[in-house]
Amino acid sequence: MKASSELHELIRGMNMSEKRYFKIYSSRHIIGERNNYMRLFDAIARQEVYAEAEIKKQFTGETFIRHLPSEKHYLYRQVLDSLNAFNREKTFLSRYSNILISVEILYNRGLFAQCHRLIRKAKKEAYSLEKFSMLLLLLRWETLIHIKNEDELNLNKSIAEELRILEMMRIQYVLMQVAFNVQVHIDRNNITPSFIRKSEKELKRNLPANSTVDSFWARYYYHSTLGLIASVQKKQMLRYHSYKEIKRLMDTAPQFIIDLPWIYHLNSNNLVNVMLQLKKYSEVELLIRQQRGFVDHYKIKRAALSRMIFLNTYESELFLCYKTHRHADAARIAATIEPEVKKIEAGFSPVLFDLVFFMAVSELMVQNYKSATRWLNRILNAERVTGFRKELQVNARLLYLAVLYESGDLLLENRLQSTRRFLQRETQFKTQKAIAEVIRLLAAGDPGHAQLEKHVASIRADFKKPGGEWLNKQFDFAEWILRQVRLAKGRHVHH
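A.B. asks: Hey, could you go over the overall build of the protein chain for me, with residue numbers and the actual values?
C.D. replies: Assigned secondary structure in the protein chain consists of 24 helices and zero strands. If you line up the protein chain on its principal axes, its C-alpha atoms span 100 × 70 × 35 Å. Taking all 495 residues of the protein chain together, 47% fall into the buried category. Taking the contacts inside the protein chain whose residues are at least 6 apart along the sequence as the reference set, 66% of them involve residues at least 24 apart. About 26000 Å² of surface is accessible on the protein chain, with carbon and sulfur atoms providing 53% of the total. Measuring between centres, the 78 positive side-chain charges of the protein chain sit 1 Å from its 53 negative side-chain charges.

A.B. asks: Describe in detail the packing of aromatic side chains, supporting the description with residues and values.
C.D. replies: Tallied over the entire structure, the rule returns 24 aromatic pairs. Aromatic side chains Tyr-220 and Tyr-221 sit 5.4 Å apart centroid to centroid with 75 degrees between the ring planes, which places their arrangement in the edge-to-face category. Residue Tyr-220 is classed as buried on the basis of its relative accessible area, which comes to 15%. Geometrically, the ring pair formed by Tyr-405 and Trp-480 is edge-to-face, given 6.0 Å between the ring centres and 80 degrees between the ring planes. Residue Tyr-405 is found in helix α20 (residues 390-407), and its partner Trp-480 is found in helix α24 (residues 477-494); the two are separated by 75 residues along the sequence. Here the aromatic residues Phe-180, Phe-216, Trp-217, Tyr-220, Tyr-221 and Phe-256 are joined through ring pairs into a cluster of three or more. Of note, Arg-292 hangs over the ring of Tyr-314, and the distance from its end group to the ring centre comes to 3.7 Å. Its end group placed over the ring of Phe-422, Arg-397 keeps NZ or CZ at 3.8 Å from the ring centre.

A.B. asks: Describe unusual backbone geometry, with residues and values.
C.D. replies: Residues other than glycine seldom take positive phi values, yet Glu-150 does so here, at roughly 55 degrees. In this structure Glu-150 comes out as exposed when scored by relative accessible area, which is 73%. Despite not being glycine, Asn-189 has its phi angle at roughly 55 degrees, a positive value. Along the chain, Asn-189 falls in the loop between α9 (152-187) and α10 (193-206). On the accessibility criterion, Asn-189 (71% relative accessible area) is exposed.

A.B. asks: Summarise helix α7 (residues 112-128); cite the residues concerned and give the values.
C.D. replies: Note that an α-helix has 3.6 residues per turn; residues three or four places apart therefore point the same way. Taking 1.5 Å as the rise per residue, α7 with 17 residues should run 24 Å; its terminal C-alpha atoms sit 25 Å apart, in good agreement. Of all the positions in α7, only Cys-115, His-116, Ile-119, Ala-122, Lys-123 and Ala-126 are classed as buried. Along the axis of α7, the buried positions cluster into a sector of 130 degrees, meaning they face one direction only. Facing away from the buried side of α7 by over 90 degrees, the exposed positions are Ala-113, Arg-117, Lys-121 and Lys-124. Looking one or two residues past α7, Glu-130 carries a phi angle of roughly 55 degrees, positive in sign.

A.B. asks: Let's hear about the side chain of Ser-362: which residues, and what values?
C.D. replies: Relative to the helices and strands, Ser-362 resides in helix α18 (residues 351-365). With a relative accessible area of 4%, Ser-362 lands in the buried category. Apart from residues lying up to four places away in sequence, Ser-362 is in contact with Leu-318, His-327, Ala-330 and Ala-331.

A.B. asks: So, the packing of α9 against α10: which residues are in play, and what are the values?
C.D. replies: Their axes nearest at 10 Å, the elements α9 and α10 cross at an angle of 165 degrees. Classified by the interaxial angle, the pair formed by α9 and α10 is roughly antiparallel. When the axes of α9 and α10 are compared, the crossing they make is left-handed. Of the residues in α10, those touching α9 at Arg-170, Ile-171, Val-174, Leu-175, Val-178, Asn-181, Val-182 and His-185 are Phe-195, Ser-199, Glu-202, Leu-203 and Asn-206. Partitioned by chemical class, the residues of the contact of α9 with α10 number seven nonpolar, four polar and two charged.

A.B. asks: Kindly report on the environment of Ile-196, identifying the contributing residues and their values.
C.D. replies: Here Ile-196 shows up in helix α10. The sequence separation of Ile-196 and Gln-233 amounts to 37 residues, and the corresponding C-alpha distance is 9.6 Å.

A.B. asks: So, the nonpolar core: which residues are in play, and what are the values?
C.D. replies: By size, the foremost hydrophobic cluster in this structure holds 79 residues, and its most contacted members are Val-341, Leu-355, Phe-357, Leu-399 and Phe-475. Those residues in contact with Phe-357, other than ones at most four positions away along the chain, are Ile-379, Leu-392, Asn-395, Ala-396, Leu-399 and Phe-475. The next biggest cluster of nonpolar side chains, apart from the first, holds 52 residues, and it includes Phe-132, Ala-179, Phe-195 and Val-295.

A.B. asks: So, the environment of Ala-488: which residues are in play, and what are the values?
C.D. replies: Summarising the element assignment, Ala-488 is placed in helix α24. Using a relative accessible area of 9% as the deciding quantity, one classes Ala-488 as buried. Taking the C-alpha atoms as reference points, Ala-488 and Asp-446, 42 residues apart in sequence, are found 8.1 Å from one another.

A.B. asks: If you had to explain the pattern of salt bridges to someone new, which residues and values would you point to?
C.D. replies: Where charged atoms from two side chains of opposite charge come close, those side chains can pair. Going through the model one piece at a time under the given rule, you end up with 29 salt bridges. Of the charged contacts, one joins Glu-317 and Arg-292 as a salt bridge, the two residues approaching to 2.7 Å between their closest N and O atoms. A residue pair is termed long-range when its members are at least 10 positions apart, and Glu-317 in helix α16 (residues 303-323) and Arg-292 in helix α15 (residues 281-297) qualify at 25 residues. Between Arg-420 and Glu-437 there is a salt bridge whose closest N-O contact spans 3.8 Å. One end of the pair, Arg-420, is in helix α21 (residues 412-425); the other, Glu-437, is in helix α22 (residues 430-443), and 17 residues separate them in sequence. If you follow the salt bridges from partner to partner, you end up with Glu-285, Arg-326, Asp-329 and Arg-332 in one network.

Criteria and thresholds
Residues numbered from 1 in each chain as written. Predicted model: local features only at pLDDT ≥ 70, side-chain atom pairs only at ≥ 80, totals over all residues. Heavy atoms only, no water. Helix = DSSP H or I, 4+ residues; strand = E, 2+ residues; numbered from the N terminus. Buried < 20%, exposed > 50% of the residue type's maximum accessible area, 1.4 Å probe, protein only. Contact = heavy atoms within 4.5 Å. Areas by Shrake-Rupley, 256 points an atom, 1.4 Å probe, with all protein chains shown as cover. Lys, Arg positive; Asp, Glu negative; His and termini not counted. Charge placed at Lys NZ, Arg CZ, Asp CG, Glu CD. Phe/Tyr/Trp six-rings, centres within 6.5 Å; stacked < 30°, edge-to-face > 60°. Lys NZ or Arg CZ within 6 Å of the ring centre and 35° of its normal. Expected span 1.5 Å × (residues − 1). Arc of directions from axis to C-beta. Axes fitted to C-alpha atoms, helices over the stretch in contact; angles between N-to-C directions. Parallel < 35°, antiparallel > 145°, perpendicular 65-115°, else oblique. Left-handed = near helix turned anticlockwise from the far one by under 90°. Nonpolar A, V, L, I, M, F, W, Y, C, P; charged D, E, K, R; others polar. Core = buried A, V, L, I, M, F, W, Y, C linked by side-chain atoms within 4.5 Å. Salt bridge = Lys/Arg side-chain N within 4 Å of Asp/Glu carboxyl O.

It is worth stressing that arrangement in space is one thing and function is another; only the former is reported here.
This is the structure:
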């Protein structure tokens, strides 16, 4: 393993029960140098941010530290093996693999009544989660039992049931293909009105009116595709209804929330974003609270998911405070979550920097310029080690200029020059170039400059048009500029 944070990320993502189990597991499976592996495990687990130099310093002079890459590689495998063992009975696939083995053993021993009882019990859960591929395997064993018992009636029922499941799977796969094709065309910026019409026709042709072949996943892919098409057409209300319907589907089938919590959160986060665009602020507050509590409500223990929920919901809450002019509340929230945000490594997710951006916005709006600068520096410094949206990189630089301008910082001129050089390489950001130019003209002290008013009019017009990033949470540079122009003109008249 290379000198990276992968082992640290794996260990830090373990809960206390998993760590406790690893120590028991390792005492049985790690051969030789057992104590050294446990010490290395504990040393890495204690670090909030991975620092390999500190690990080497801690074990200076010990033989095993000379081979740290291979030691980390071996420890990584052992941690993963222990997690597999710990979760063996907790995942559907692992549990059903064991059930199928048991079914085969009972059948081969001639214990057909016991075998059939186990199949019926397994089928009930598989149906509740729509694990159709597993159902087909169970039905095949059930068919063999009916053949053995010469039970023609139930044999025909099993075959009809298998055919019905195959039709449900066909419908699901067709709708999944439509959804994925629409997403691919959107990603490639290659979606046309004729392609949308074709996709909508395919959806209507395959969404089953017959309840015997309807399924959660058919409905999920149907509404997901409608949401994607609505996003292309800039139909926010249709997108809102699509995401809301998916949420309703999952809320009425909580076994899918437990089995697929990431999908549930992703859809809820999309719904929050649309609600914010539609100014459904009271609904947003309610959904944010629900999102923060659903993992505990359903007893879901996934560290990475909990961290992503933290990032998304607090970014949304800060944006909500910004849009409703509750700036003091936003600054208070930013201060509260700061210790937890500092623990999150840059490589965890680009979403981290969306939250950090609005922490900077929150500080700017209450004139905490030093704190705003600190958060913006975290974004700019992270560009060297991780990738995130170019739009966010540009907006962080512009917000930095806004902070320096408001605070009267002498670094403004240097930052203006570096930002203009950056924007010269990013030709698609024409509005952002105009924003930088407005800040330059304001800093020059002439708020009545004809060029400034021309840029302001252009920026205001552009901000009213939904562009490619229209669902990203945006700082309103147009509104900020208008306020600064009014203030500058007031100072100019006064002088």
